[in-house]
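Topology and contacts: notes
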Amino acid sequence: MATTPNGRTEARIADARRCTLGEGLLWHPQRGQLFWFDILGRRLLSQRNDQPLEWLFDERISAAGWVDENVLLIASETALLTFDLASGARQRVCALEADNPLTRSNDGRADPWGGFWIGTMGLDCEKQAGAIYRYYRGELRRLFADISISNAICFSPDRRHAYFADTARQQIWRQPLDERHGWPQGDAQPFIDGRVAGVNPDGAVVDSQGRLWNAQWGASRVACYDPEGRFLQAVAFPASQISCPAFGGPELSTLFATSARDGLDDELAAEPQAGRLFAADVAAQGQIEHRVIL
């Protein structure tokens, strides 16, 4: 693990392309390949054999799960759709707030039962304009309403809990799940209150030990919390707007993080790395991303 002289983990640039709003990191376990999105640029990005890959879409796209070696399930601003990486074919699976022109998809992740959780938000971050849904066995069901900026959707390795955030409220909740099918059971409980440290929780991922790693917008870091929500450490990155983490690499011990340039016009001279993809080697191992079952 590379560290600076003061003992802090050293981040590096993993991809030099700049996203306006980087998000939705996914390490595909069968392909050993990382995917991420530039939401406002309507791009899906990746790398293979050290070569940059990129696909353009007609709508904003934000999150994905893997269906098989060649097919992703992608969330766009109006639908969930499959995307064939080999042929480029795209097929609509179901509508996602297609009747609401004021919202788009945001954070999402597959759950241990083969479902896919996806959050929405207002195009201009309108208060409580979004929601969180679950696609499972052909049905898209709304789980939580009145969400302003949906984020931090991830799952504990023991399958007992889901996590989600509303960045605008600076809160992460922990939701108990039904063991058999993974539906929410009982009320979500407050897990991390970002107001205490003055941070804004963005995307998150849970490692194999149940620790939650949370990108914190505006704080230049991914913070790690133990299974009880206690702060353990933070990994610093050279951009303020860190948006989404993911574990990848052969041992799932590389912490990747997307970032954003959106809204930084006056500060870009001071943040030349904003919008790039970063990586840091950490003393942790991620979970294998769950497969989406259509």
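In this text, all values refer to a predicted model and were calculated from it rather than measured experimentally.

Considerations on the nonpolar core
Counting 18 residues, the largest nonpolar core has Trp213, Val222, Phe237, Ile242 and Leu255 as its most contacted members. Put simply, the parts of the chain that give this core at least two residues each are β19 (212–217), β20 (221–225), β22 (242–248), β23 (254–259) and β24 (277–281).

Things to note about the sheet that holds β24
With antiparallel pairing, the four strands of this open sheet are ordered in space as β1-β24-β23-β22. Both outer strands of the open sheet, β1 (12–15) and β22, are each paired with one neighbouring strand and no more. For this sheet the average axis-to-axis angle between neighbouring strands, irrespective of direction, equals 35°. Taken together, the six bridges between β22 and β23 define a ladder with antiparallel strand orientation. Bridging across to β23, Gly248 finds its partner in Thr254.

A short note on the environment of Ile192
Mapped onto the elements of the fold, Ile192 is located in strand β17 (residues 189–193). Between the C-alpha atom of Ile192 and that of Ala165, which follows or precedes it by 27 residues, the distance is 9.1 Å.

Describing the packing of aromatic side chains
The final tally for this structure, using the stated rule, is 13 aromatic pairs. A centroid spacing of 6.4 Å and a plane angle of 40° characterise the contact between Trp117 and Phe144, whose relative ring orientation is tilted. Here the residue Trp117 occupies a position in strand β11 (residues 116–122), and Phe144 occupies one in strand β13 (residues 139–147), the gap between them amounting to 27 residues. For the pair shown, Trp117 and Phe144 are each scored as buried. The positively charged end of Arg134 is found above the aromatic ring belonging to Tyr136, 4.0 Å away from the centroid. A cation over an aromatic ring shows up here: Arg141 above the ring of Trp183, its NZ or CZ 3.9 Å from the ring centre.

Concerning the pairing of strand β5 (residues 51–56)
Relative to β5, strand β4 (residues 43–48) runs antiparallel, the two being bridged by six bridges. Counterpart to Gln47 in the pairing with β5 is Pro52. The hairpin turn running from β4 into β5, its antiparallel successor, is two residues long, and Asn49 in that turn takes a positive phi close to 50°.

Some remarks on the UniProt feature "active site" (unreviewed entry) in the protein
UniProt tags Asp202 as "active site" (unreviewed entry). On the secondary structure map, Asp202 appears in strand β18 (residues 200–206). We classify Asp202 as buried; its relative accessible area is 6%. In contact with Asp202, not counting residues within four places along its chain, are Glu23, Asn151, Ala152, Thr167, Asn214, Ala215, Trp217, Ile242 and Ser243.

Notes on the UniProt feature "binding site: a divalent metal cation" (unreviewed entry) in the protein
Under the feature "binding site: a divalent metal cation" (unreviewed entry), the UniProt entry names Glu23, Asn151 and Asp202. The greatest C-alpha distance among the annotated residues, which extend across 180 residues, is 10.3 Å, indicating that they converge on a single site. Along the polypeptide, Glu23 turns up in strand β2 (residues 22–28). On the basis of relative accessible area, Glu23 is assigned to the buried category, the value being 3%. Apart from the residues within four sequence positions on either side, Glu23 is in contact with Trp36, Phe37, Ile39, Ser62, Asp107, Asn151, Asp202, Ser243, Cys244 and Thr258. Engagement of the side chain of Asp202 in a polar contact is seen with the side chain of Asn151, the distance being 3.5 Å.

Here's the deal with the pairing of strand β8 (residues 79–84)
Counted residue by residue, β8 has five buried out of six residues, so it is predominantly covered. Bridge analysis of strand β7 (residues 71–76) against β8 gives five bridges, and the strand direction is antiparallel. Bridging across to β8, Val71 finds its partner in Asp84. Connecting β7 to the antiparallel partner β8 that follows it, the hairpin turn spans two residues.

What counts and what doesn't
Residues numbered from 1 in each chain as written. Predicted model: local features only at pLDDT ≥ 70, side-chain atom pairs only at ≥ 80, totals over all residues. Heavy atoms only, no water. Core = buried A, V, L, I, M, F, W, Y, C linked by side-chain atoms within 4.5 Å. Buried < 20%, exposed > 50% of the residue type's maximum accessible area, 1.4 Å probe, protein only. Helix = DSSP H or I, 4+ residues; strand = E, 2+ residues; numbered from the N terminus. Pairing = 2+ DSSP bridges. Axes fitted to C-alpha atoms, helices over the stretch in contact; angles between N-to-C directions. Phe/Tyr/Trp six-rings, centres within 6.5 Å; stacked < 30°, edge-to-face > 60°. Lys NZ or Arg CZ within 6 Å of the ring centre and 35° of its normal. UniProt positions renumbered as here; feature names shortened; annotations may be inferred. Contact = heavy atoms within 4.5 Å. Polar contact = N/O pair within 3.5 Å; in protein donor to acceptor, adjacent residues only side chain to side chain.

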